[in-house]
Amino acid sequence: MAMACTGLAVTGSAAASAAPSTVPSAPGTGPVLELPRPTGPFAVGRTALALRDASRADPWVAGQRRELMVSLWYPAVPARGARPAPYMTERESAALLELLGADDVPEDTLAKVRTHSVADARPLARRSPLVLLSPGFKLPRATLSSLAEDLASRGYVVAGVGHNHEAVATTFPDGRTTPCSACTPPYDQAKLTRIGEGRAADMRFVLDRLIGPRPVWGGGRAVDGRRVAMVGHSAGGYSTVPAMRGDRRIDAGLTLDGLAEVSTPGVDRPFLMMGTPENAPGGTGEPYWGRTWSALSGWKRWLTVDGAQHESFTDLPALVDQATPGAADGPVAEAGLSGARGVEITRAYVGAFLDRQLRNRPRPLLDGPSVHRPEVRFWAP
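Calculation notes
- Residues numbered from 1 in each chain as written.
- Predicted model: local features only at pLDDT ≥ 70, side-chain atom pairs only at ≥ 80, totals over all residues.
- Heavy atoms only, no water.
- Helix = DSSP H or I, 4+ residues; strand = E, 2+ residues; numbered from the N terminus.
- pLDDT = per-residue confidence, 0-100.
- Contact = heavy atoms within 4.5 Å.
- Phe/Tyr/Trp six-rings, centres within 6.5 Å; stacked < 30°, edge-to-face > 60°.
- Buried < 20%, exposed > 50% of the residue type's maximum accessible area, 1.4 Å probe, protein only.
- Lys NZ or Arg CZ within 6 Å of the ring centre and 35° of its normal.
- Disulfide = S-S within 2.5 Å.
- Polar contact = N/O pair within 3.5 Å; in protein donor to acceptor, adjacent residues only side chain to side chain.

Engineer: Is there a simple way to explain unusual backbone geometry in this structure?
Structural biologist: Most peptide bonds are trans, and most residues other than glycine sit at a negative phi. With omega at 5 degrees, the peptide bond leading from P185 into P186 counts as cis. Positive phi values are uncommon outside glycine, yet D120 reaches one of about 55 degrees. By the element assignment, D120 lies in the loop between β5 (118-119) and β6 (128-134). The residue D257 is not glycine, and still its phi comes out positive at about 60 degrees. Position of D257 among the secondary structure elements: in the loop between β11 (252-256) and β12 (271-275).

This is the structure in structure tokens:
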């Protein structure tokens, strides 16, 4: 399986695609892939919501109202023998594999990925903090499932938002699969701003529907609307700052390898910047990361991960590693970080940040370098 450019990774230039990485192809029969197991004590449920904002035009397709698909992961009542939730649809799988350049892998391979959440399981009778999750440009929301399942197993409700027409494919319950209408050049500053502001509006709408007076989810009483954070990868990451500026309900924010000019005005609430080595001070991403850092006036941290690539904060490298026979440590390890290690580090630091900011729990992991995770560097320019 070849892993090609997938996202809109904003670094030292206005818009630069993620650096491509190539791994050996998987056999034509197609492997059965599995997400890493969650680490928390709770069983995980997952449901999907189709939402329509009748008050807002779609920013990419003329004459349409804004529609979103939202996956909800949440602490659930254990259910023996229940069917796992699907990872993504067959059409989404085919489109993503085409983007990855995996021409010799069966089109439905990613639709068969084994998850660790149960479809429509009964939520636990508890109020949990809410985490809004925004994926990278072109990527289906499912590609952050490892992080979402882990957070749900640790007691969070996670809303993974599929920003319509910004992923290679988004399937709706009525059978429609929409393409990426936004995925046409140029990827200039105007487009970056349009994405960031559009996703901020998406998040306001999702919050209204989840924690407003009439929640759209039957388990809405399980959501604690007084404790809300947003986490985003790539385009989702640089959309986090404008989302927080536009909605005081978002108490904390975190970017996974995504900052752009739209992020540089900063915010006054807790914020964690986590990315690849090129986003260290003095690196190619530093102009945006440095300006955003300077404008953050609340609690803040700036971390980079040695050996990480742009996709290391998603499920993709871990799945690619599994799809490559005979690679003892995974092919991504050749670049310094295996897929499994990327998932473990992402889960650890995102979880620590959310525990600290939404639950007021001390997390020494955020206070400085760790001997157990020496890849993670702390910066305080």
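So that's the structure; there's more coming.
Engineer: Is there a simple way to think about the confidence of the model for the chain in this case?
Structural biologist: The predicted structure's coordinates, where accompanied by low pLDDT, should not be read in detail. Per-chain confidence: the chain averages 90 in pLDDT, with 89% of residues scoring 70 or above. Across residues 9-28, where pLDDT falls below 50, the model places 63 contacts with residues more than four positions away in sequence or in other chains. Confidence drops under pLDDT 50 across residues 328-333; counting only partners more than four residues distant or on other chains, this segment forms 15 contacts.

Engineer: For this particular structure, what's the right way to read the packing of aromatic side chains?
Structural biologist: The relation between two aromatic rings is expressed through the spacing of the ring centres and the mutual angle of the planes. Applying the stated rule across the entire model yields five aromatic pairs. Seen from their ring centres, F137 and Y187 are 5.8 Å apart, and the 80 degrees between their planes marks the pair as edge-to-face. Residue F137 is found in the loop between β6 and α2 (145-153), and its partner Y187 is found in the loop between β9 (177-178) and α3 (189-211); the two are separated by 50 residues along the sequence. Classification of F137 by relative accessible area gives buried; the value is 0%. Ring centres of W293 and W302 lie 5.7 Å apart, and the angle between their planes is 50 degrees; on these two criteria the pair is classed as tilted. The exposure class of W302 is buried, given its relative accessible area of 1%. Across from the ring centre of W293, 4.4 Å away, lies the NZ or CZ of K300, which sits over that ring. Here R359 stacks its cationic end above the ring of Y156, 4.1 Å away from the centre of that ring.

Engineer: Explain the state of the cysteines here, please?
Structural biologist: Such a bond, covalent and formed between the sulfur atoms of two cysteines, is termed a disulfide. In total, this model carries one disulfide according to the counting rule given. Disulfide pairing is shown between C180 and C183; the S-S distance is 1.8 Å. For the disulfide bridge between C180 and C183, the dihedral angle about the S-S bond is near 70 degrees, and by the sign convention the bridge is right-handed. C183 matches C180 in its accessibility class, with the two residues each being buried.

Engineer: Could you clarify how one ought to interpret the side chain of R199 in this entry?
Structural biologist: With respect to the element layout, R199 can be found in helix α3. Here P135 takes part through its backbone oxygen, which lies 2.5 Å from a polar atom of the side chain of R199. Of the polar contacts made by the side chain of R199, one reaches the side chain of E166; its length is 2.7 Å. When sequence neighbours within four positions are dropped, the list of residues in contact with R199 reads S134, P135, G136, F137, H163, E166, A235, G236 and S239.

Engineer: Looking at this structure, how should I read the environment of T115?
Structural biologist: Inspection of the secondary structure assignment puts T115 in the loop between α1 (90-100) and β5. Through-space distance from the C-alpha of T115 to that of L35 is 5.6 Å; in sequence the pair is 80 residues apart. Other than its neighbours up to four places away in sequence, T115 contacts L35, P84, A85, P86, Y87 and E149. Looking at T115, its side chain comes within polar contact range of the main-chain oxygen of A85, at 2.7 Å.

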